[in-house]
Amino acid sequence: MPFSSLGLSAALRQTLADLKFERPFPIQEQAIPAVLMGKDIFGIAPTGSGKTASYVLPLLTKLGKEPQERNRNIRALIVVPTRELAMQVQQVIYSFSNRLPERVTSMAVYGGVSINPQMKALMGTSILVATPGRLLELIDNNAVHLGKCDTLVLDEADKLLNLGFHDEMQRIIGLLPKKRQNLLFSATLTDDVSAITQLILTNPLVIKIVQEEETVDLIEQTAYRVSEEHKGPLLRHLIKSRDMQQVLVFTSSVFKADTVTAKLQKNGINAVAIHSKKSQEARRKALDNFKAGRTRVLVATDLISRGIDIHVLPFVINYELPRSPKEYVHRIGRTGRADATGEAFAFVTPEDEHHFKIIQKKMGKQVPYTETEGMTFSG
Ligand code: AMP
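Residues numbered from 1 in each chain as written. Predicted model: local features only at pLDDT ≥ 70, side-chain atom pairs only at ≥ 80, totals over all residues. Heavy atoms only, no water.

## Here's the deal with the overall build of the protein chain
Link 1 in the chain: Each helix and strand in the protein chain was counted, giving 15 helices and 14 strands.
Link 2 in the chain: Along the first, second and third principal axes, the C-alpha set of the protein chain runs to 80 × 40 × 35 Å.
Link 3 in the chain: Relative to its 379 residues, the protein chain shows a buried fraction of 51%.
Link 4 in the chain: Restricting the contact set of the protein chain to residue pairs at least 6 apart, pairs at least 24 apart contribute 75%.
Link 5 in the chain: Taking the 48 positively charged and 40 negatively charged side chains of the protein chain as two groups, their mean positions are separated by 6 Å. (Helix = DSSP H or I, 4+ residues; strand = E, 2+ residues; numbered from the N terminus. Buried < 20%, exposed > 50% of the residue type's maximum accessible area, 1.4 Å probe, protein only. Contact = heavy atoms within 4.5 Å. Lys, Arg positive; Asp, Glu negative; His and termini not counted. Charge placed at Lys NZ, Arg CZ, Asp CG, Glu CD.)

Okay, here's the thing in structure tokens:
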């Protein structure tokens, strides 16, 4: 799903294109339309999942339509546990909003620095990013009012509660209007987090983004000990004998991706290569065709292991192993997404065996070997 179908303003879509945000991350795909519709959200998502933009973008779209007022009534409050996160979230908001024709004002406030400049600067702020203690100090000094703030975001709610902000949070929530939208994000689901979700969320959309490391457990892995020259026949044998209708094959070089693809085609198997030497248009087409089931085998270099998000991809084959164990997890993570189980196969030559041991150790999982010696390959 492209950004254009999520309901964001045209100006924001242009900004996203300028910032090279090509496609929404899964959490954004789900959260943005729901936030625009006014729903409460409970996102269980780690840092790196794109959660900040998932609430900042719809907030900017909503507030961009409203007149900016020069008073101390903020319209949206983002509560975060640390000064670092406050600065980071403010930077994200600014990076989007400073290019908009209808600028939405935002500011971050946190402790450890003088309060006076913050008090002055708060005038006319629409979105406030704050740590709890400093927010309450500012409220007690009449520098900010929450009475018109109809959106509350709790980012890293688990940390907020871990760091003992419980009482402060209760006070802040008590000062907000009862009728408001609540967006709560947490990396983990603890008892404390559950308790607070029940306290503040009304019929929320729950979005769970599984961490890549966790998906490894959903994937059934097999390694084949195989010589370089038997890799081609083994690949064809697997595709045919397992009746694989949609399989992603990884190679380490552009040259290899092309030769493996050509060999498959020569053997009557519908295959396409995707790598950095292909034009953007050719890559898009290759991916679309693969996703739509029109291409049976997509042969890829690491170029796309991060970007591909195909919801039910049953098979991934590592024709060649990647250098880094992390990349290996990224590659096989293309299957076993969103709680669907998948299968991953690794072709391991005698030279690769030591490296594959390291990959397994880093991944924290042992992969059983299947011997190919003496195996006859059909197909
Ligand atoms: P977050 O989880 O919000 O800290 O975001 C993680 C990183 O992903 C940040 O560096 C963002 O700039 C980047 N990011 C978020 N959404 C997208 C997207 N749709 N396309 C590309 N990069 C993104």
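Still more ground to cover, so stick around.
## Describing unusual backbone geometry
In most cases, non-glycine residues show a negative phi, while peptide bonds are predominantly trans.
Link 1 in the chain: Notably, Glu156 is not glycine yet its phi reads approximately 55°, a positive angle.
Link 2 in the chain: Using a relative accessible area of 10% as the deciding quantity, one classes Glu156 as buried.
Link 3 in the chain: Of note in the backbone geometry, Asn203 takes a positive phi value of approximately 40° without being a glycine.
Link 4 in the chain: In this structure, Asn203 sits in the loop between helix 9 (191-200) and strand 7 (205-208).

## Here we look at the site of the ligand
Link 1 in the chain: As a matter of local geometry, the ligand sits amid Phe3, Phe21, Arg23, Pro24, Phe25, Gln28, Thr47, Gly48, Ser49, Gly50, Lys51 and Thr52.
Link 2 in the chain: Here Ser49 contributes a backbone N or O atom positioned 3.0 Å from an oxygen atom of the ligand.
Link 3 in the chain: One of the backbone nitrogen or oxygen atoms of Lys51 is found 3.4 Å away from an oxygen atom of the ligand.
Link 4 in the chain: Protein burial of the ligand: of its 500 Å² of free accessible surface, 68% is covered by the chains.
Link 5 in the chain: Looking at side-chain class alone, the shell around the ligand contains four nonpolar, six polar and two charged residues. (Near = heavy atom within 4 Å. Polar contact = N/O pair within 3.5 Å; in protein donor to acceptor, adjacent residues only side chain to side chain. Areas by Shrake-Rupley, 256 points an atom, 1.4 Å probe, with all protein chains shown as cover. Nonpolar A, V, L, I, M, F, W, Y, C, P; charged D, E, K, R; others polar.)

## Observations regarding the sheet that holds strand 11 (residues 297-300)
Strand pairing in a sheet is mediated by backbone hydrogen bonds. Such pairs are either parallel or antiparallel.
Link 1 in the chain: Strand order in this open sheet of seven strands is 10-11-9-12-13-8-14, and the pairing throughout is parallel. Sheet topology places strand 10 (271-274) and strand 14 (369-371) at the edges, where each strand pairs with a single neighbour. Taking the axes of each pair of neighbouring strands and ignoring which way they run, one obtains an average angle of 20° across the sheet.
Link 2 in the chain: In this structure, strand 10 lies alongside strand 11, joined through four bridges in parallel fashion. Among the inter-strand pairings, Ala271 is bridged to a residue of strand 11, identified as Val297.
Link 3 in the chain: Set on the sheet, helix 14 (residues 325-332) makes contact with strand 8 (219-225), strand 9 (247-250), strand 12 (315-318) and strand 13 (342-348); between it and strand 12 the angle comes to about 150°. (Pairing = 2+ DSSP bridges. Axes fitted to C-alpha atoms, helices over the stretch in contact; angles between N-to-C directions.)

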